[in-house]
Amino acid sequence: MTPFEDRTALVVSASRGIGYAIAAELARQGASVAMTARTEDPLREAAGRIREETGRRTLAITAHSREEKDRQAAVETVMDTFGRLDLLVYATGINPALDLPAVDLDLDCVRRMFETNVLGALHFTQLAWEAWMKENGGSVLMLNTVAAHAVFRMPAYSATKAALHRLTEDLADQLAPRVRVNALAPAFIRTSFMEPITSVPEETAAASYPMGRLGEPEDVARAAAFLLSPRASWITGTTLRVDGGKSVATATQDRPHPAPGRPVL
Ligand SMILES: NC(=O)c1ccc[n+]([C@@H]2O[C@H](COP(=O)([O-])OP(=O)(O)OC[C@H]3O[C@@H](n4cnc5c(N)ncnc54)[C@H](OP(=O)(O)O)[C@@H]3O)[C@@H](O)[C@H]2O)c1
């Protein structure tokens, strides 16, 4: 299945974790893929692995999502190399404030988080729109979180993602019908991002999920490929939860698994 044959994707923040899994999935489904991250070596290795596995063209672009010049240079490089930019995935999301109470937050830290998690997403979308999507159409995907709409005791991070949610819906309204803009809201996905946040053993955390396990980057990547693909051509402004049922779970910690009689799909 190659719904992205002849399409070019830019996946921002893709040297590991969810961004990497999305870049790999899009390449498997036919796309040429440009990938960014701040650190050059792991990024080049990641792009090389995807190229080797899929045979698709990949491009590693070292870029800091908080730096305006880096964002501009990244989109220019994609256009110079591939001549088009059909799919944009903004996977950058930082949480250096961890779970500090709101009254103790350092304002410079919160400012950096908004610049990275929200401003970067807006600017990359503006750049992709100007460079290609305004004339030729395209599809944009933001990485949000279930913590945007519930109290997860990460006030700074949740505030940035709530802002990203608002932005996703307004962009979807304003860029239609040329460009669709959607988001994914994962719960706990097993990546390095979650290591400093997690205080309980994995089995304990997994027990609070109806599906009985934590998420893998590939769970998010498959949903990403769907929302970006023509199969979702009448879906825009949507945030799709990818959360193993966490948002609809009744119990929090001591849920038995597998629940008696519950099919494990
Ligand atoms: N993991 C979860 O449970 C979870 C849940 C909900 C939502 N999310 C969201 O999903 C997205 C991806 O998270 P993840 O878990 O995949 O993170 P991750 O595994 O920690 O991956 C981080 C990636 O982002 C890059 N990166 C970090 N800061 C950057 C910056 N300022 N500019 C450019 N690239 C940067 C990293 O490379 P360098 O360090 O080399 O830059 C790396 O490629 C984030 O938006 C996050 O908020 C994650």
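Draft legend 1. How the structure looks around the packing of aromatic side chains. Here the structure, examined in full by the defined rule, presents 2 aromatic pairs. With 5.9 Å between their ring centres and 45° between their planes, Tyr90 and Phe124 make a pair best called tilted. With Tyr90 in strand S4 (residues 87–90) and Phe124 in helix H4 (residues 107–136), this residue pair connects regions lying 34 residues apart in the sequence. For Tyr90, a relative accessible area of 1% gives the class buried. Classification of Phe124 as buried rests on a relative accessible area of 1%. Where Tyr157 meets Phe193, the ring centres are 5.6 Å apart and the plane angle is 45°; that geometry is what we call tilted. Taken together, the residues span a long stretch of sequence, with Tyr157 in helix H5 (residues 155–175) and Phe193 in the loop between strand S6 (179–186) and helix H6 (202–207) at a distance of 36 residues. The partly exposed category is assigned to Phe193, whose relative accessible area is 26%.

Draft legend 2. Just H5, in detail. Over its 21 residues, H5 extends 30 Å from the first C-alpha to the last, a length consistent with the 30 Å expected when each residue adds 1.5 Å. Listing the buried residues of H5 in full gives Ala156, Tyr157, Ser158, Thr160, Lys161, Leu164, His165, Leu167, Thr168, Leu171, Ala172 and Leu175. Those residues of H5 that are buried are in contact with H4, strand S5 (138–143), S6 and strand S7 (239–242).

Draft legend 3. Geometry of the pairing of S6. Counting buried positions over the 8 residues of S6 gives 8, a clear majority of the element. At this point the chain moves from S5, through H5, to the parallel S6, and the crossover so formed is right-handed. Two elements, S6 and S7, share 4 bridges in a ladder whose sense is parallel. Bridge pairing links Pro186 to Val242 in S7.

Draft legend 4. Structural view of the environment of Ala156. Inspection of the secondary structure assignment puts Ala156 in helix H5. With relative accessibility at 3%, the residue Ala156 sits in the buried group. Between the alpha carbons of Ala156 and Leu105 there is a distance of 7.7 Å; along the sequence they are 51 residues apart.

Cut-offs used in this document
- Residues numbered from 1 in each chain as written.
- Predicted model: local features only at pLDDT ≥ 70, side-chain atom pairs only at ≥ 80, totals over all residues.
- Heavy atoms only, no water.
- Phe/Tyr/Trp six-rings, centres within 6.5 Å; stacked < 30°, edge-to-face > 60°.
- Helix = DSSP H or I, 4+ residues; strand = E, 2+ residues; numbered from the N terminus.
- Buried < 20%, exposed > 50% of the residue type's maximum accessible area, 1.4 Å probe, protein only.
- Expected span 1.5 Å × (residues − 1).
- Contact = heavy atoms within 4.5 Å.
- Right-handed = clockwise from strand over helix to strand, strands pointing away.
- Pairing = 2+ DSSP bridges.

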